[in-house]
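So the chains spell out like this:
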Amino acid sequence: MMCKIETKVLSVASAKAPFEKTTMERRELRPHDVLIEIQYSGICHSDIHSAHGEWGGGMFPMVPGHEIAGVVAAVGAEVTKFAVGDRVGVGCFVDSCGECEYCLSGEEQYCTKGVVSTYNSLDYDGNPTYGGYSQKIVVTEGFVVRIPDGLPMDAASPLLCAGITTFSPLKHWKAGPGKKVAIVGMGGLGHLAIQFAHALGAEVTVLSRSLDKQAEALSFGADQYFATSDKETFKSLAGRFDLILNTVSANLPVDAYLSLLRVDGTLVNVGAPSERDQYHVFSLIMGRRSIAGSLVGGIRETQEMLDFAAEHGIVPQIEVISADQVDEAYERVLKSDVRYRFVIDISTL
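About the thresholds
- For every chain, the first residue of its written sequence is number 1, and the numbers climb from 1 along that sequence.
- Reporting in this predicted model follows two pLDDT cut-offs: at least 70 for local features of residues, and 80 or more for side-chain atom pairs to be given and counted; totals over whole chains, interfaces and linings ignore these cut-offs and use all residues.
- Where side-chain values are given, they derive from all heavy atoms of the structure, hydrogens and water being excluded.
- Each helix is a run of H or I in the DSSP string that is no shorter than four residues. Each strand is a run of E no shorter than two, and both are numbered from the N terminus.
- Both definitions apply: the radius of gyration is a C-alpha atom measure, and the globule rule equals 2.2 Å times residues to the power 0.38.
- Throughout, a contact is declared for two residues whenever any of their heavy atoms are within 4.5 Å.
- Shrake-Rupley sampling with a 1.4 Å probe provides the accessible areas, and residues are treated as covered by the protein chains on show and by no other component.
- Only protein chains enter the area calculation, which uses a 1.4 Å probe; residues under 20% of their type maximum are buried, those over 50% are exposed, and those in between are partly exposed.
- Think of a nonpolar core as a cluster: buried Ala, Val, Leu, Ile, Met, Phe, Trp, Tyr and Cys residues, connected wherever their side-chain atoms sit within 4.5 Å.
- Pairing of aromatic side chains here covers Phe, Tyr and the six-membered ring of Trp, requires ring centres within 6.5 Å, and sorts the geometry by plane angle: under 30 degrees stacked, over 60 edge-to-face, intermediate tilted.
- At least two DSSP bridges between two strands are required for those strands to pair.
- To count toward a patch, a residue needs a relative accessible area above 30% and no salt bridge. Like charges then connect within 9 Å, nonpolar side chains (Val, Leu, Ile, Met, Phe, Trp, Tyr) within 5 Å.
- Just to be clear on terms, a salt bridge is a Lys or Arg side-chain nitrogen sitting within 4 Å of an Asp or Glu carboxyl oxygen.
- Disulfide assignment relies on a single distance test, namely cysteine sulfur atoms paired within 2.5 Å.

S.K.: Can you help me understand the overall build of the protein in this one?
M.R.: In terms of regular secondary structure, the protein is built from 11 helices and 17 strands. Relative to a compact globule of 349 residues, whose C-alpha radius of gyration would be 20 Å, the protein shows 20 Å and is just as compact. Reported as C-alpha extents along the three principal axes, the dimensions of the protein are approximately 70 × 40 × 35 Å. The long-range share in the protein, meaning contacts at least 24 apart out of those at least 6 apart in sequence, stands at 67%. Accessible surface, the protein: about 15400 Å² in total, of which carbon and sulfur atoms supply 50%.

So this is what it looks like as structure tokens:
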């Protein structure tokens, strides 16, 4: 008889409550399920928004975490893709309908039935999901990806959200040789976007508030770096870029950034500010420009991103912390005091 699987977790009992070590049960293995012993779990800014109840409330108690790296501990009877001992990862989603046009095209993140998020969500049976700040997780094999041997496990975990969030739009809007790409922001997303855009062959410019991170940006592969606090930046770069990838979660002067686009250029947002943006339609009309958004990527593209990262030596710059340091890490993220991504060592839980 199959039994539910007990695991230690880090959870918050209510919005903005401190983390506490508790235990919970994962479901028993179904035929297509994979049991993962989690080794590392990255901290994403969206974890903080969710744990603080800032995105339309939250389901509590909550176990955040959707940047999960670990090893397969057991598999269901009909699993074909993975075996015990495999290095694997889980990103932002753990299920989708598998039948709609977007699921069938490998873009499960846009599932018309509604994708099941790794945490703070309800599965199709109505049960809440709990994320990667945990020793174990059970996920259907279709939402598990393989971590290439060339990627360290701790550094691989942020790729499951921050990596695919930046890789997917760069691929979709065809960043590559002959294209001029600007990356707005040099944080957890931005420092990976620079590496991916450079490896894809684009000319890469970083736009950040100050020149503080210029040397680091150039070391990640940026060709140019400009401070947006300098008004001359917007004059000198007018009409320059084919693509601007905005990775920050703060509201920007949208019209000013649109002025940096060439005809047919696109401003793509992957950061999500809590307040509305504003812009003048003429900023679009006069250059046939576009404003767009992008939501992570599907499972197939996530695997492609991991393989690409391993091939090109792309890894996030991380600070590994213990389970006792997560509250402090949240405070530091809000102060932008991290270079560039926190990763929890789950062995300390």
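S.K.: Would you take a moment to explain unusual backbone geometry for this structure?
M.R.: Of note, the amide linkage connecting Phe60 to Pro61 takes the cis form, showing an omega dihedral of 0 degrees. The topology assignment puts Pro61 in the loop between helix 1 (45-51) and strand 4 (68-75). Here the bond from Arg339 into Tyr340 is cis, since omega is -10 degrees, no more than 30 degrees from zero. Mapped onto the elements of the fold, Tyr340 is located in the loop between helix 11 (326-334) and strand 17 (341-345). Of note, Asn120 is a non-glycine position whose phi angle comes to about 55 degrees, a positive value. Mapped onto the secondary structure, Asn120 falls in the loop between strand 7 (116-117) and strand 8 (136-140). Judged by relative accessible area, which is 22%, Asn120 ranks as partly exposed. A positive phi angle is found at Ser336, which is not glycine, with a value near 60 degrees. For Ser336, the position within the fold is in the loop between helix 11 and strand 17. Residue classification places Ser336 among the partly exposed residues on the basis of a relative accessible area of 46%.

S.K.: Hey, could you run me through the nonpolar core in this one?
M.R.: Most often, soluble globular proteins have nonpolar side chains that are buried together. Among the nonpolar cores identified, the biggest contains 91 residues, and Ile43, Tyr133, Leu170, Ile194, Phe196 and Val326 are the most heavily contacted of them. Among residues more than four places away in sequence, those in contact with Ile43 are Glu67, Tyr133, Ile321, Val326, Ala329, Tyr330, Arg341, Phe342 and Ile344. If you look at the next biggest cluster of nonpolar residues, it comprises 15 residues, including Val184, Phe234, Leu258 and Leu261.

S.K.: Would you mind showing me how to read the packing of aromatic side chains here?
M.R.: Geometrically, a pair of aromatic rings is defined through the distance of the ring centres and the angle of the planes. According to the stated counting rule, one finds seven aromatic pairs in the structure shown. Consider the rings of Phe167 and Phe308, whose centres lie 5.5 Å apart with planes at 50 degrees: the pair is tilted. Highlighted residues: Phe167 in helix 4 (residues 162-172) and Phe308 in helix 10 (residues 299-312), separated in sequence by 141 residues. Judged by its relative accessible area of 0%, Phe167 is buried.

S.K.: Any chance you could explain the pairing of strand 14 (residues 261-269) here in plain terms?
M.R.: Looking along a regular strand, one sees the side chains alternate between the two faces of the sheet. Pairing geometry for strand 13 (residues 241-246) and strand 14, over five bridges, is parallel. Across the sheet, Phe241 pairs through a bridge with Leu261, a residue of strand 14. In this sheet, strand 15 (residues 290-293) lies alongside strand 14 in parallel orientation, the contact comprising four bridges. When the sheet's bridge partners are listed, Leu267 is paired in strand 15 with Ile291.

S.K.: How should I be thinking about a nonpolar patch on the surface in this particular structure?
M.R.: Together, Tyr279, Val281, Phe282, Ile285, Met286 and Ile291 give the surface a local cluster of nonpolar side chains, amounting to about 640 Å² of exposed area. Structurally, Ile291 is set in strand 15. What makes Ile291 partly exposed here is its relative accessible area of 33%.

S.K.: I would appreciate a short explanation of the state of the cysteines in the present structure.
M.R.: What we call a disulfide is simply a covalent bond connecting the sulfur atoms of a pair of cysteines. For the structure shown, the criterion picks out zero disulfides. Its sulfur unpaired, Cys100 is 3.6 Å from the next cysteine sulfur, which belongs to Cys103. Looking at Cys100, the relative accessible area reads 9%, which means it is buried.

S.K.: Please explain the pattern of salt bridges as it appears in this structure.
M.R.: Side chains bearing opposite charge may pair, as long as their charged atoms lie close to each other. Inspection of the entire model under this criterion finds 12 salt bridges. Residue Arg339 pairs with Glu216 through a salt bridge whose shortest N-O separation is 3.1 Å. One end of the pair, Arg339, is in the loop between helix 11 and strand 17; the other, Glu216, is in helix 6 (residues 214-220), with 123 residues separating them in the sequence. The shortest N-O distance in the salt bridge between Arg332 and Glu319 comes to 2.9 Å. Taken as a pair, Arg332 in helix 11 and Glu319 in strand 16 (residues 318-321) lie far apart in primary sequence, 13 residues in all. Relative accessible area serves as the criterion here: at 28%, Glu319 is assigned to the partly exposed category. What emerges from the salt-bridge pattern is a single network uniting Glu319, Arg332 and Asp337.

S.K.: What exactly am I supposed to notice about the pairing of strand 13 here?
M.R.: The buried fraction of strand 13 is high, at five of six residues. Summarising the sheet, strand 10 (residues 180-184) and strand 13 pair through four bridges and their orientation is parallel. Bridge pairing in strand 13 places Ile183 opposite Leu245.

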